[in-house]
Amino acid sequence: MPGVVVVGTQWGDEGKGKATDQLGDKVDFVVRYSGGNNAGHTVQVGGERYALHLLPSGILSRRARPVLGNGVVIDLEVLFEELDALAARGVAVDRLLISANAHLIAPYHRTIDRVTERFLGKRRIGTTGRGVGPAYADKASRIGLRVQDLLDESILRQKVAVALEQKNQLLVRVYNRPALSADEVSDHLLAYADRVRPLVADVSRVLNEALDRGQTVLFEGAQAHHLDVDFGTYPYVTSSNPIAAGACTGSGVGPTRLDRVIGIAKAYTTRVGEGPFPGELTDETGQRLRETGGEYGTTTGRPRRCGWFDALLVEQAATCNALTDLFLTKLDVLTGWPKIPVIVAYDIDGRRCPVMPMTQTELHHAKPVYEHLEGWSEDISGVRRFEDLPPACQRYVRRLEELVGVRISGLGVGPDRDQVVMVRPLL
Ligand code: GDP
Ligand code: IMO
Ligand code: MG
């Protein structure tokens, strides 16, 4: 089973970190292929919590070699802070590989991210403020800085100077901010060059050769389908392609090398930041889901918006990502509700729509149509076999499987590494 992708099917924070960690000991490489330190992946091992932002969660496994692919944007300060913090906790971090083609998040990207949001006012995206969007914008505009530029001081200095010619106009004239010195920015980035040099690799070649040898490569998605810049709720999205296809463009392996695509879905729905969310519960039900699920962002600490499971969201992700399996997390959070509503359609201006609508206008008009499933009251956090789950809980899982059209292969029944019910092996 050589090429496996783990991908979020909702708006992020589905528990991808924990699902990846489940597979870590069975894979040879674990690759982040998109996004940057806007991600927040929490993994709990024997009561110890690890919060990862830029590095793949698979770094916590002893076997898998961690990789940052070309599709990732890297804030060097964050990278080394995260590596040092893990090393201090005894995690082996010296085997990391970084693509020479990955782009850098420069200090001015963070500044621009924050001031742009302030200028957007009510229309802000609610970004994580980490400079991710502006770094991808520069990549597309062909004025970005890449990891390999750190290996050639004169190229790096030239590229920073070119980028700042534009940025300084924007900062000074539009945003009323002081201009930045090209020398200072270059010095700041070059200060990391010696630490970066031994980690830089031709990641595409390394991964293709590993796959040729029959080794297993796990592509760890950050963010999620509905935050994808092409398929998400644009413009309320992140600026990359977290979908499974992004594993190819973001690491340099061809689509025929992907054998399995595991979608991660929470047993209900959450979203951080702005943007449409037809099933959002702004009442005390939403508040109760937030409290029982501990729905506060790993990266920014913001309260997550909550709602019941929306089958339309996950069905679209299943189709577009060609999911082979679904891993349903946080099922334990639903314990204790007599009835559990599930969104099975939208009512859009009086029309019943069984799948995600095509346009943003329709999505803004969508009202959820619920089916009410029977709940359960037994504590399921200690259950490890599907047949030991309360019958109503089993029926809940089976109904979701039917609505989404993908087999559910694993269930999360608590935050810890071993709190899972495996229906069939993921690898
Ligand atoms: P990610 O961004 O998709 O990796 O998800 P986050 O780490 O941002 O958020 C998921 C949160 O849920 C984390 O705090 C996890 O420890 C926790 N979690 C994951 N799976 C489960 C589960 O099955 N049950 C419970 N109660 N918590 C879980
Ligand atoms: P993980 O990997 C949830 C959201 C932000 C904002 C939008 C754009 O933990 O699932 P950005 O800083 O990327 O330009 O912000 O995307 N967002 C996430 N929401 N989980 C994430 O990552 C997210 N990464 C970005 O809240 O709405
Ligand atoms: Mg997260």
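Refer to the structure above for everything that follows.
Residues numbered from 1 in each chain as written. Chains lettered and ligands numbered in written order. Predicted model: local features only at pLDDT ≥ 70, side-chain atom pairs only at ≥ 80, totals over all residues. Heavy atoms only, no water.

S.K.: Mind showing me how you'd approach the environment of Ser154 here?
M.R.: If you trace the backbone, Ser154 turns up in helix α5 (residues 153-174). In this structure, the C-alpha to C-alpha distance between Ser154 and Ala222, residues 68 residues apart in sequence, is 33 Å. (Helix = DSSP H or I, 4+ residues; strand = E, 2+ residues; numbered from the N terminus.)

S.K.: Would you explain the site of ligand 1 in this entry?
M.R.: Close to ligand 1 lie 19 residues; Gly15, Lys16, Gly40, Thr42 and Asp332 are nearest. Lys16 places a main-chain nitrogen or oxygen 2.7 Å from an oxygen atom of ligand 1. Take Gly412: an N or O atom from its main chain is 3.2 Å from an oxygen atom of ligand 1. Coverage of ligand 1 by the protein amounts to 94% of the 580 Å² it exposes when considered alone. Mapping ligand 1 onto the cavity grids shows that it belongs to the second largest pocket. By residue number, the principal contributor to the shell around ligand 1 is helix α1 (residues 16-23), which donates three residues. Here the shell around ligand 1 is built from residues that sort into three nonpolar, nine polar and seven charged. Residues from two domains meet in the shell around ligand 1; each of domain 1 (3-99 + 199-262) and domain 3 (265-422) gives at least three. (Near = heavy atom within 4 Å. Polar contact = N/O pair within 3.5 Å; in protein donor to acceptor, adjacent residues only side chain to side chain. Areas by Shrake-Rupley, 256 points an atom, 1.4 Å probe, with all protein chains shown as cover. 1 Å grid on protein atoms, 1.4 Å probe; cavity = no way out; pocket = protein on both sides within 12 Å on 5 of 7 lines; lining within 4 Å. Sits in = over half its atoms within 2 Å of the grid points. Nonpolar A, V, L, I, M, F, W, Y, C, P; charged D, E, K, R; others polar. Domains from an automatic or database assignment.)

S.K.: Would you mind showing me how to read the site of ligand 2 here?
M.R.: Lys16, His41, Thr128, Gln223 and Thr238 are the nearest of the 20 residues found near ligand 2. Measuring from an oxygen atom of ligand 2, one finds a backbone N or O atom of Gly126 at 3.4 Å. For ligand 2, whose unbound accessible area comes to 550 Å², protein coverage reaches 97%. At a threshold of 2 Å from the grid points, most atoms of ligand 2 map onto the largest pocket.

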